[in-house]
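The primary structure of each chain is shown beneath.
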Amino acid sequence: MKIEGSIALVTGANRGLGKALVSALLAAGAAKVYAAARDERKVPAYSSRVVPLALDTTKPEQIAAAVKKANDVTLLINNAGLATSQNVLTMSQAEVDADFRTNVHGTLAVIKAFLPVLERAPGGATVVNVLSLAALASFPILGGYSASKAAAYSITQALRPELKAKNIDVLAVLAGPIDTDMVKALQMPKTMPAETAKGLLAGIERGEEEIFPDPMAREMAALWNKSHKEFERAFASF
Ligand SMILES: NC(=O)c1ccc[n+]([C@@H]2O[C@H](COP(=O)([O-])OP(=O)(O)OC[C@H]3O[C@@H](n4cnc5c(N)ncnc54)[C@H](OP(=O)(O)O)[C@@H]3O)[C@@H](O)[C@H]2O)c1
């Protein structure tokens, strides 16, 4: 899909990758960007093409209100995410539930609610789920989070044939570490959000079902293609 002229909605648009995605969409010529955030007052005033929107993806009434307001979306980017649950042996039930509520159930609920809007999009629509390399193999120091992203990846795959019939493409973003609040405690090489956002939009334009948006993701994708087992071991060694 072409970003130019598209009408995008980005969840979790107030900071981190979501914020960078709004800027990148504007730079690439999106006609309008709904910048959705739990607190829409935290969405920076970018341009008249940006429409702040209140949206906690775990709240059905807010999702329904967002669908009413953003009834012309052609590109839905499910970026909102949480990484609360870490080691699978020590994480609490509440922590893993929180990650699944946002990363899995919230993402699916937003997609389902926006289907009537996306089906009306002239020339077809695109849904982009921001996942992680951790969807492909567990990153044990974030084991609960990894499980939630793997579940979201499985749902992404399940949606593809269903939505293809409605002229809606479903893309997965398998990103490497990004320099945002989410992983500020982790010491490792990270890509700046603006670079990841740019790579992500390039992947959308190319219509890639699996987008590896940053250099580390592309390097790891090569290892994954070579050997799933080696990929798993590489992640386990962090
Ligand atoms: N950082 C990484 O290394 C990395 C790597 C691969 C993939 N990702 C993925 O990239 C996406 C963006 O993450 P990030 O790195 O930008 O993290 P971040 O800086 O922590 O930002 C997360 C964003 O998601 C929002 N959010 C969380 N739960 C939400 C909910 N229930 N409803 C609506 N918004 C919610 C947050 O809103 P509040 O400000 O209200 O909390 C915030 O805007 C996530 O899906 C993440 O899993 C990140």
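A short tour of the structure in this document, coming up. Since this is a predicted model, take the numbers as computed values, not measurements.

**Details of the pairing of strand 5 (residues 125-130)**
Most of strand 5 sits out of view: six of its six residues are buried. Along strand 5, one buried face is formed by Ala 125, Val 127 and Asn 129 and the opposite face, lined by Thr 126, Val 128 and Val 130, is buried too. Relative to strand 5, strand 4 (residues 75-78) runs parallel, the two being bridged by four bridges. By the bridge assignment, Leu 75 is partnered in strand 5 with Thr 126. With helix 3 (residues 93-119) bridging strand 4 and the parallel strand 5, this β-α-β connection has right-handed handedness. By the bridge criterion, six bridges tie strand 5 to strand 6 (residues 168-173) in an arrangement that is parallel. By the bridge assignment, Val 128 is partnered in strand 6 with Leu 171. In this fold, strand 5 hands off to helix 4 (residues 143-164), which returns the chain to strand 6; that crossover is right-handed.

**Observations regarding the environment of Ala 221**
Note that Ala 221 resides in helix 6 (residues 215-226). Using a relative accessible area of 7% as the deciding quantity, one classes Ala 221 as buried. When the C-alpha positions of Ala 221 and Leu 136 are compared, they lie 9.5 Å apart, and in sequence the two are 85 residues distant.

**Comments concerning the packing of helix 6 against helix 7 (residues 228-236)**
Here helix 6 crosses helix 7 at 135°, and the two axes come no closer than 5 Å. In terms of their interaxial angle, helix 6 and helix 7 are classed as oblique. Between helix 6 and helix 7, the residues in contact are Met 220, Leu 223, Trp 224 and Lys 226 and His 228, Glu 230, Phe 231, Ala 234 and Phe 235, respectively. When grouped by side-chain class, the residues that make up the contact of helix 6 with helix 7 number six nonpolar, one polar and two charged.

**Describing helix 2 (residues 60-69)**
Within the span of helix 2, buried status applies to Ile 63, Ala 66 and Val 67. On an axial view of helix 2, the arc spanned by its buried residues comes to 100°, and they lie on one face. Of the residues in helix 2, the exposed ones pointing more than 90 degrees away from the buried face are Glu 61, Lys 68 and Lys 69. At its buried positions, helix 2 is contacted by strand 3 (50-54) and helix 3.

Criteria and thresholds
- Residues numbered from 1 in each chain as written.
- Predicted model: local features only at pLDDT ≥ 70, side-chain atom pairs only at ≥ 80, totals over all residues.
- Heavy atoms only, no water.
- Buried < 20%, exposed > 50% of the residue type's maximum accessible area, 1.4 Å probe, protein only.
- Helix = DSSP H or I, 4+ residues; strand = E, 2+ residues; numbered from the N terminus.
- Pairing = 2+ DSSP bridges.
- Right-handed = clockwise from strand over helix to strand, strands pointing away.
- Axes fitted to C-alpha atoms, helices over the stretch in contact; angles between N-to-C directions.
- Parallel < 35°, antiparallel > 145°, perpendicular 65-115°, else oblique.
- Contact = heavy atoms within 4.5 Å.
- Nonpolar A, V, L, I, M, F, W, Y, C, P; charged D, E, K, R; others polar.
- Arc of directions from axis to C-beta.

Read these as spatial facts, not as claims about activity.
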